[in-house]
Amino acid sequence: AQTVTQSQPEMSVQEAETVTLSCTYDTSESNYYLFWYKQPPSRQMILVIRQEAYKQQNATENRFSVNFQKAAKSFSLKISDSQLGDTAMYFCAFMTLPQGGSEKLVFGKGTKLTVNP
Amino acid sequence: NAGVTQTPKFRILKIGQSMTLQCTQDMNHNYMYWYRQDPGMGLKLIYYSVGAGITDKGEVPNGYNVSRSTTEDFPLRLELAAPSQTSVYFCASSYSATANYGYTFGSGTRLTVV
């Protein structure tokens, strides 16, 4: 079974500083995708960043970047210049594309991030 | 640009009652999903559909039913509500050929069973 583990239930950071959220996953597949979703208090699930496993280059989206270590099955999210609006739950998610099957996202339990002024 | 629309946003049910959570998407996505999110937990897949007329069970399907008569709609039915079904329910959709873009989620339905 594929699993996603987020070992940090809660984290906090000062505004303008940098924070890294951890995520590890377990799979025997070689072709897969990894995602970070943000869930603010509004409950809306917002895609922050994605990474294709076959790409060695780490994905970046403005202040958000990932450190993808395929051999270690690690996919951490770095938020630079943290803003108050970054306060949210962050979910790491994993998706494979099985032969003849449907793609399905598997989620970690989430990390609650608080950005303090 | 409605995306994925879920109704209702909130609902309180009594034990044994039934209800249907509605989900509609206007992006012509083939794949649709229902997840539930319990407090302090990630999202768990209830049911999914790869196209009109095709549905399949996810990780936690017991107590739920779905149908997919059109590409746009994917309702989730609770037949005999139980307190264990108190949760936040999310509908999502994706275009399978470009799965690497992830899912588009609705804003969720908070359901309380008392």
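Structure first, text after, so check above.
Residues and elements named next belong to chain B. Counted by the stated rule, this structure contains 20 aromatic pairs over all chains. Here Tyr33 and Tyr103 contribute two aromatic rings whose centre-to-centre distance is 4.2 Å and whose plane-to-plane angle is 15 degrees, an arrangement assigned as stacked. A residue pair is termed long-range when its members are at least 10 positions apart, and Tyr33 in strand β4 (residues 31-37) and Tyr103 in the loop between β9 (87-94) and β10 (104-105) qualify at 70 residues. The residues Tyr33 and Tyr103 share a single accessibility class, namely buried. Ring geometry for Phe90 against Phe105: centres 6.3 Å apart, planes inclined by 85 degrees, an arrangement best described as edge-to-face. Placement of Phe90 in strand β9 and of Phe105 in strand β10 is noted, with a sequence separation of 15 residues between them.

Our focus in this paragraph is the pairing of strand β5 (residues 32-39) of chain A. Residues and elements named next belong to chain A. Where burial is concerned, most of β5 is hidden: eight out of the eight residues are buried. Across the two faces of β5 the burial is the same, with Tyr32, Leu34, Trp36 and Lys38 and Tyr33, Phe35, Tyr37 and Gln39 all buried. Sheet topology places β5 next to strand β10 (residues 88-96); eight bridges connect them, and they run antiparallel. Residue pairing across strands places Tyr32 opposite Thr96, the latter belonging to β10. Where β5 meets strand β6 (residues 46-52), six bridges bridge the pair, whose relative direction is antiparallel. When the sheet's bridge partners are listed, Tyr37 is paired in β6 with Leu47.

Conventions adopted
- Residues numbered from 1 in each chain as written.
- Chains lettered and ligands numbered in written order.
- Predicted model: local features only at pLDDT ≥ 70, side-chain atom pairs only at ≥ 80, totals over all residues.
- Heavy atoms only, no water.
- Phe/Tyr/Trp six-rings, centres within 6.5 Å; stacked < 30°, edge-to-face > 60°.
- Helix = DSSP H or I, 4+ residues; strand = E, 2+ residues; numbered from the N terminus.
- Buried < 20%, exposed > 50% of the residue type's maximum accessible area, 1.4 Å probe, protein only.
- Pairing = 2+ DSSP bridges.

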